[in-house]
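Read off the chains here:
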Amino acid sequence: MAFHPPKGRTGVARIVAAMGYSRDGLLAAFRGEAAFRQLVALHIVLIPLAFFCPVSRGERALMIAACLLSFIVELFNSAIEAVVDRISVEHHPLCKNAKDMGSAAQLIALILVAAVWGVILLG
C-alpha cells in the first residue's frame with residue numbers, strides 16, 4: 001500500500017478551517033436560496049416552541065432533530081442544484097431528475113417534521 005502524505009492542514013488548524021467552510025456554506029445557502037431562508041423562518045418558530053411544549057426530553061429532542069434534518073436535506077438539495085447548474089444550464093432529463101429528486105427529498109423531510117410534531121403533540 002502506498003503512503004500518501006496528509007494534504008493541507010492537520011489537527012486544530014484543519015478543524016478551524018472546516019468550520020470556516022461550513023460557515024461559508026450556510027451563508028451561501030441563506031443568501032442564495034429562498035427555500036433555505038423559508039426553513040430558517042419556520043424553524044426559528046418551531047425549535048424554540050419545542051422547549052415550551054409539555055413533552056419529555058426525548059420527544060423534544062426528536063422534534064428538534066426532525067427540524068435540523070430538514071436543514072441538512074435542504075443544504076444537500078441546494079448543493080445538487082448548484083453542481084447541476086455549474087455543469088450546464090441546458091435542459092437535460094438527467095439534470096431535471098437530479099433537481100426533482102433533491103426537491104422530493106426535502107418534501108419528505110418536511111413531511112417527517114410534520115409527522116414527528118403531530119404524533120408527539122396530538123398523541
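As the structure is a computational prediction, the values presented were derived from the model and not from experiment. (Residues numbered from 1 in each chain as written. Predicted model: local features only at pLDDT ≥ 70, side-chain atom pairs only at ≥ 80, totals over all residues. Heavy atoms only, no water.)

Below, the discussion takes up the overall build of the protein. Assigned secondary structure in the protein consists of 4 helices and 0 strands. Overall, the protein shows an N-to-C arrangement of helices and strands of α-α-α-α. Rg of the C-alpha trace for the protein: 18 Å, well past the compact-globule value of 14 Å for 123 residues, more than 25% over. Seen through its C-alpha atoms, the protein measures out along the principal axes to roughly 55 × 45 × 35 Å. Across the 123 residues that make up the protein, the buried fraction comes to 26%. For the protein, restricting intrachain contacts to residue pairs at least 6 apart in sequence, the fraction spanning at least 24 positions comes to 64%. Carbon and sulfur atoms make up 71% of the accessible area of the protein, which totals about 9000 Å². Counting 11 positive and 8 negative side-chain charges, the protein places the centres of these two groups 11 Å from one another. (Helix = DSSP H or I, 4+ residues; strand = E, 2+ residues; numbered from the N terminus. Rg over C-alpha atoms; globule rule 2.2 N^0.38 Å. Buried < 20%, exposed > 50% of the residue type's maximum accessible area, 1.4 Å probe, protein only. Contact = heavy atoms within 4.5 Å. Areas by Shrake-Rupley, 256 points an atom, 1.4 Å probe, with all protein chains shown as cover. Lys, Arg positive; Asp, Glu negative; His and termini not counted. Charge placed at Lys NZ, Arg CZ, Asp CG, Glu CD.)

The next point concerns the pattern of salt bridges. Considering all chains together, one arrives at 3 salt bridges under this definition. The closest approach of N and O atoms between Asp24 and Arg23, which form a salt bridge, is 2.8 Å. You can call Asp24 partly exposed: its relative accessible area is 39%. For Arg23, a relative accessible area of 48% gives the class partly exposed. With a shortest N-O distance of 2.5 Å, Asp85 and Lys99 are connected by a salt bridge. A residue pair is termed long-range when its members are at least 10 positions apart, and Asp85 in helix α3 (residues 57–87) and Lys99 in helix α4 (residues 93–122) qualify at 14 residues. For Asp85, a relative accessible area of 37% corresponds to the partly exposed category. (Salt bridge = Lys/Arg side-chain N within 4 Å of Asp/Glu carboxyl O.)

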